[in-house]
Every structure is written in structure tokens, then in C-alpha cells.
Amino acid sequence: MGEAPGDLQPSGVLPLIDAGACAHAILSDASCSSCVDACPSGAWVLDDQGLGLNESRCAGCGICASACPAEAIAFNTGEALISPADPRTAFAGCRHTVPGDGPGQLSCMGVLGVDELMRLYARGVRTIAVPEPSPAGCHCTTPARFDEALGRLNDELVSRDAPGLKVTALAADVWAERARATDAGHDQVDRSRRALFSTLLAGAARDAGEALRGVEIALGGNGNESLFAHVPHLDQLRCTGCDACISICDSQSLTLIKDEAGNECYRVDPGRCTGCGLCVDICAVAAIEVEHLGAGARCLIELSSAQCRSCGAPYHRSAAGKGGDRLCPVCAGKGHHVTRFQVLE
């Protein structure tokens, strides 16, 4: 493959990859292609040989790092700057629009996808101040990803009578001056290093046993409705209770717990879902789907316990499912219980 096309020139700055955290390292036939789909220069390649990075095509935009649901890619994307004087306003601009390495500068406006915009909204931000041109001055990508993410989020917010997230454009020099003034109220820490270290520390936290976190916006109103970046839905009629999704869910969005009465239940927590899709990939009966950007609620799915009539092992399954065969998921799937006859002539 050749170099990055058009204006997308190789930057010489490459993302750091935690191969062990990638969905394709956890499940060989994982369907996740977030980095491939998000990359504007086609640097990420997913084929029969696995997932790889063509370094000669990497433009150093960092979009792949923000797109990866497993946080398996680390890159100094920079960070939006929230004003301490006005927490409802955040400054964000492409480094190629405002030269230098000042506060609020991002490697590319494209790093602000739906999840990142939701995180800003959840922290109280309602306006993003960007430098003109907005944000087309970024040389790494078109404004499509940022504009699409903003449009999708605002559509969901407005449909639920919640205020949307606005963008205001300022002249580049005015934006830089206001961002520097805002930054004066923050600890004087090198932001480029802090952003990189915070990404790397996220991986270290997972190694220490801390789960990944999804994104949630509490909308209030009737029923305390929340908007989630990713919402897993489990079909209770199809579910066999095999626990495969529980075992593979690194974010603990799907867990096996006991309720107050001591009965086993599946706990579904959309607030922890990162949208990696591994639960969907591993479910043998297609009982799970993940909705991206939607309303949802935490819930418990009741399980019923039984003993397999074939192997004698205890098992559980969704109480709403069909359990008349009294077979554990292993025996039901392998047909160990079937009596086979040989016809002799």
C-alpha cells in the first residue's frame, strides 16, 4: 500500500498499541472495526491476517485512539479545555488551525466523536468554542466525523426535550487568546504529556482490575431517563444462560449477580458499555444486540436454576426462556443427550 493520499501526509508520530487489549486479541473473529472505519487515511487494515497499521499512511490525526472502544490505542490527541469560570463552555480546535501547542488544541477535530461529545455534555458543557474555519481547517480529515457526531447527539437530545450542544466559531487569534486566558486558571501542567499519560494510565488502571467505562447523560424528567452511548439489549426468550457474554465483557456492563432475595440474575448496565460488540460476537444464539446512542435503563434479568438431565450439572437460564428440555447449554448445543442408533444390514 502507498503513502497517505492527498493532503494526508505521514506525520512520523504513530499511535501506541496495546495489542492484548484489542478485541481481535480477545476473540479471533471479533467484528469490531472501529479504528479501520474511523481512519481517514486508510492506515488501519483488517483482513484474514488480522489487524495491522500501515505506518506510511498514518497521518497522525489520533482519531483511531478516540474511536477504539477498548482503549487499546494511545495517542496524544490533546484535550478540550473547559473554562473554570464558565463550565458550560469548552475550547477545542485542531492544532493545524491554530499553530503551536496551546491549550485546547487537538490533534484533529475528528477525535471528538459521539462518546467524547457525550462526556463533555455530561460534565456540563453546552457550547464548544472552535477557531475559524470551523472545523474544516484541520488538514487530517474533513469535518464529517465531528459534524456527524454532533448532529446525532443533538438529534437525540432535542427529541427528549434536552438542550443541544452548540458550536460557536471565533477568529483563530481570538480563540487562542481566550483559550490561554482560560488555561491560566488551571494547574500549569504540560498538556500534551498529561493527555498522553492519562491515556496510558487508563490502560494501567485496567491492568489493576478497573473496568472500562461507558458514557451516560442523565436527562431527568419522568423515570429519570438516561441517554447512553451504547445500550446492550438481551433477548430473554433466546438466552440460554451460558454466561459467555458475562465472561467476555471487560467493562462489566453484563454481570452475573444475586438480587436481594439471593436469586441469580444478569445485571445489564448500559452506563458501562463501551460498544465493543464482543458480547454480540460470542453469543451462539444471537440473543444480544447493541444499540449505539439510545435511551435505556439498568435492569436485572431473572434466571432460573435447574439440573441438566443429561450430564447432571447445575445450570441456569433466563426465566423467560424456554426451559422444558432441562438441558444445560453445553448438552443442548452438542447433542450429548441424543440417543443414536446404528442400522446393521
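Note that the structure is predicted; figures quoted are calculated from it, not measured. (Residues numbered from 1 in each chain as written. Predicted model: local features only at pLDDT ≥ 70, side-chain atom pairs only at ≥ 80, totals over all residues. Heavy atoms only, no water.)

A. Structural detail: the overall build of the protein. Per the secondary structure count, the protein includes 10 helices and 17 strands. Within the protein, buried positions represent 44% of all 345 residues. Expressed as a percentage of contacts within the protein between residues at least 6 apart in sequence, the contacts between residues at least 24 apart total 68%. Accessible surface for the protein amounts to roughly 17,600 Å². Of this, 50% is attributable to carbon and sulfur atoms. (Helix = DSSP H or I, 4+ residues; strand = E, 2+ residues; numbered from the N terminus. Buried < 20%, exposed > 50% of the residue type's maximum accessible area, 1.4 Å probe, protein only. Contact = heavy atoms within 4.5 Å. Areas by Shrake-Rupley, 256 points an atom, 1.4 Å probe, with all protein chains shown as cover.)

B. Main features of the sheet that holds strand S10 (residues 166-170). In space, the 4 strands of this open sheet follow the order S5-S6-S9-S10, with mixed pairing throughout. The open sheet has two free edges, formed respectively by strand S5 (81-82) and S10, since each of these has just one partner strand. Relative to S10, strand S9 (residues 127-131) is paired through 5 bridges, and the arrangement is parallel. Along S10, the bridge assignment pairs Thr-127 with Lys-166. (Pairing = 2+ DSSP bridges.)

C. Local environment of the nonpolar core. One finds Leu-112, Leu-117, Met-118, Ile-128, Leu-153 and Leu-165 to be the most contacted residues of the largest nonpolar core, which totals 34 residues. Looking at this core, the elements that each hand over two or more residues are helix H3 (63-67), helix H4 (114-122), S9, helix H5 (144-159) and strand S12 (225-234). Counting 16 residues, the second largest nonpolar core, distinct from the first, contains Cys-273, Cys-283, Val-290 and Ile-301. (Core = buried A, V, L, I, M, F, W, Y, C linked by side-chain atoms within 4.5 Å.)

D. Summary view of the packing of aromatic side chains. For the structure on display, the rule yields 1 aromatic pair. Judged by centre distance (6.3 Å) and plane angle (65°), the ring pair of Phe-91 and Trp-175 falls under edge-to-face. One end of the pair, Phe-91, is in strand S6 (residues 89-91); the other, Trp-175, is in helix H6 (residues 172-183), and 84 residues separate them in sequence. Grouping residues by exposure puts Phe-91 and Trp-175 together as buried. Positioned above the aromatic ring of Tyr-121, the side-chain terminus of Arg-126 is 3.6 Å from the ring centre. (Phe/Tyr/Trp six-rings, centres within 6.5 Å; stacked < 30°, edge-to-face > 60°. Lys NZ or Arg CZ within 6 Å of the ring centre and 35° of its normal.)

E. Spotlight on H6. End to end, H6 covers 16 Å across 12 residues, agreeing with the expected 16 Å (1.5 Å per residue, within 8%). Here H6 has its buried residues at Trp-175, Ala-176, Ala-179, Thr-182 and Asp-183. End-on view of H6: buried residues confined to an arc of 125°, all on one side of the axis. Turned more than 90 degrees away from the buried face of H6 sit Asp-173, Glu-177, Arg-180 and Ala-181, all of them exposed. (Expected span 1.5 Å × (residues − 1). Arc of directions from axis to C-beta.)

F. Inspection of the environment of Cys-279 at higher detail. Assignment of secondary structure puts Cys-279 in helix H9 (residues 278-282). Separated by 11 residues in sequence, Cys-279 and Val-290 place their C-alpha atoms 8.7 Å apart. The residues touching Cys-279, leaving out its near neighbours within four places in the chain, are Cys-245, Ile-248, Leu-254, Ile-288 and Val-290.

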